[in-house]
Amino acid sequence: MGKKISLCGKGGSGKNTLTALLARAAEAGNYSVLVVDSDESNSSLYKTLGFDSPPSALMELVGGKQTIKGKMGRQNIFHENHIDVSDIPKQYIVKRGSIHLVSIGKIHHGLEGCACPMGVLSREFLKKLKLGEKEIAIIDMEAGVEHFGRGIDTEIDAILLVVEPSFESVSIASKIKKMSDGLQKHVFAVLNKVRDDHMEKELTDILNERGIAVTGAIAEDQTIFNAGLKGTSIGSCNASRTVGKLLERLMKD
C-alpha cells in the first residue's frame, strides 16, 4: 500500500519547498502523488508545484466553514467509507503529470474565525483516503504543533520534520518529536537552509541530544531562494538528489 507522509515544522522552515521537492522525487520514482495542502495560512504551494491556479478548497465541497457540521453528512465524497483519488470531483483537484493537488481550505479574511473546522476536515479526509501500492500522499501541515491537538497526525504513516538553523525551529522540533512518539509515529528529520558542513554538524548534534535523528540535509540554494522570492516552481537544483534519497528511506521504513 502507499504511504501518507506529513511535513511538519516551524513557519518558514521550508515545508512548502520540501513538499514540492518530495513530490517531484516521488514522480521521478514512478509514483502517483497526491499533495494535500493542509496549511490554512500559506497560499503559495500550488505555485511552488508549478500549477497556474489552486483547486477549489475541499472545505467548499462541504459548504464552507460555517456549515461544515451540517453538510458533512450530506451526499459527497466524505459520506463514503473510503476516498480514492479518482473519487475527488475535478473542481477540487488539479493535476500535472502524476502530481495531484488538493487544498483543505484557507483563511482569507479578518474575523473569519478559527481554523478548527479545517482541522476536522483534514482529519476526516486523511482517515478515509485510500492509496494504492504506487500512490503517495504528501501533506503540508500548518506550522507549529496545533495539528497534533486536532488529531490530524493520527492518520499519518510517517512524519518528516523540517528543521532550519534557529532556536525556535529546534524547540518546535522537540515538541513535535515528543508528540509523534506519543502517537507511535516514526519521525524523520531533515535539515534545511544549511550553509556549510560545520553548521550541519552543529545542528545535527543539537538534535541528536534531544533524541531526534537526522536523515538528510539541504544546503542553501540560490535556485530555491529565487523561486521562493518570485513565487515560481522550483527547477532542477542540488537538493533534488538529497530529497530522492530521503524518499527512498521514507518508503522503506
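Basis of the calculations
- Residues numbered from 1 in each chain as written.
- Predicted model: local features only at pLDDT ≥ 70, side-chain atom pairs only at ≥ 80, totals over all residues.
- Heavy atoms only, no water.
- Core = buried A, V, L, I, M, F, W, Y, C linked by side-chain atoms within 4.5 Å.
- Buried < 20%, exposed > 50% of the residue type's maximum accessible area, 1.4 Å probe, protein only.
- Helix = DSSP H or I, 4+ residues; strand = E, 2+ residues; numbered from the N terminus.
- Contact = heavy atoms within 4.5 Å.
- 1 Å grid on protein atoms, 1.4 Å probe; cavity = no way out; pocket = protein on both sides within 12 Å on 5 of 7 lines; lining within 4 Å.
- Points joined across faces, edges and corners; volume = space filled by probe spheres on them.
- Nonpolar A, V, L, I, M, F, W, Y, C, P; charged D, E, K, R; others polar.
- Axes fitted to C-alpha atoms, helices over the stretch in contact; angles between N-to-C directions.
- Parallel < 35°, antiparallel > 145°, perpendicular 65-115°, else oblique.
- Phe/Tyr/Trp six-rings, centres within 6.5 Å; stacked < 30°, edge-to-face > 60°.
- Lys NZ or Arg CZ within 6 Å of the ring centre and 35° of its normal.
- Expected span 1.5 Å × (residues − 1).

Draft legend 1. Seen up close, the nonpolar core. In terms of nonpolar packing, the biggest core is built from 45 residues, with Leu 58, Phe 78, Ile 88 and Phe 125 touching the most fellow members. Looking at this core, the elements with two or more residues in it are β2 (32-38), α3 (58-61), α5 (116-128), β5 (135-141), β6 (158-163), α7 (167-182), β7 (186-194) and α8 (197-209). In this structure, Leu 58 is in contact with Phe 78, Ile 88, Tyr 92, Val 102, Ser 103, Ile 104, Leu 121 and Phe 125, ignoring residues within four places of it in sequence. Grouped together as the second largest cluster of nonpolar side chains are 37 residues, Ile 5, Leu 7, Ile 99 and Val 243 included.

Draft legend 2. Broad picture of unusual backbone geometry. One non-glycine residue, Gln 184, lies in the positive phi region at around 60°. Following the sequence through the fold, Gln 184 ends up in the loop between α7 and β7. Backbone geometry at Lys 193 places phi at a positive 65°, although glycine is not the residue there. Mapped onto the secondary structure, Lys 193 falls in strand β7.

Draft legend 3. Representation of the layout of surface pockets within the structure. As a volume, the largest pocket reaches approximately 570 Å³. In terms of lining, the largest pocket is formed by 27 residues, of which the most central are Gly 14, Thr 17, Lys 193, Ile 224 and Gly 228. Every element with two or more residues in the lining of the largest pocket is listed here: α1 (15-28), β7 and α9 (222-230). With 4 residues, α9 is the single largest residue contributor to the lining of the largest pocket. Of the residues that constitute the lining of the largest pocket, the class distribution is 6 nonpolar, 14 polar and 7 charged.

Draft legend 4. Spotlight on the packing of α1 against helix α10 (residues 239-252). Relative to each other, α1 and α10 sit at 70°, their axes nearing to 9 Å. On the basis of their axis angle, the class for α1 and α10 is roughly perpendicular. Residues Leu 18, Leu 21, Leu 22, Ala 25 and Ala 26 of α1 form the contact with α10, whose own contacting residues are Ala 239, Ser 240, Val 243, Gly 244, Leu 247 and Leu 250. Of the residues assigned to the contact of α1 with α10, the class counts are 9 nonpolar, 2 polar and no charged.

Draft legend 5. Molecular detail of the packing of aromatic side chains. What the rule picks out here adds up to 0 aromatic pairs. Of note, Lys 134 hangs over the ring of Tyr 31, and the distance from its end group to the ring centre comes to 3.9 Å.

Draft legend 6. Structural context of α7. Between its first and last C-alpha atoms α7 spans 23 Å; for 16 residues at 1.5 Å apiece the expected length is 22 Å, and the two agree. Every buried residue of α7 is accounted for by Ser 169, Val 170, Ser 171, Ile 172, Ala 173, Ser 174, Ile 176, Lys 177 and Ser 180. Looking at the buried positions of α7, the neighbouring elements they touch are β1 (3-9), α6 (146-149), β6, β7 and α8. Trailing α7 by a residue or two, Gln 184 shows a phi angle of about 60°, which is positive.

Draft legend 7. Seen up close, α1. Between its first and last C-alpha, α1 extends 20 Å over 14 residues, near the 20 Å set by a 1.5 Å rise per residue. Across the 14 residues that make up α1, a large majority, 11, are buried. Looking only at α1, the buried set comprises Lys 15, Asn 16, Thr 17, Leu 18, Thr 19, Ala 20, Leu 21, Leu 22, Ala 23, Ala 25 and Ala 26. Backbone geometry just after α1 places Asn 30 at a positive phi near 65°.

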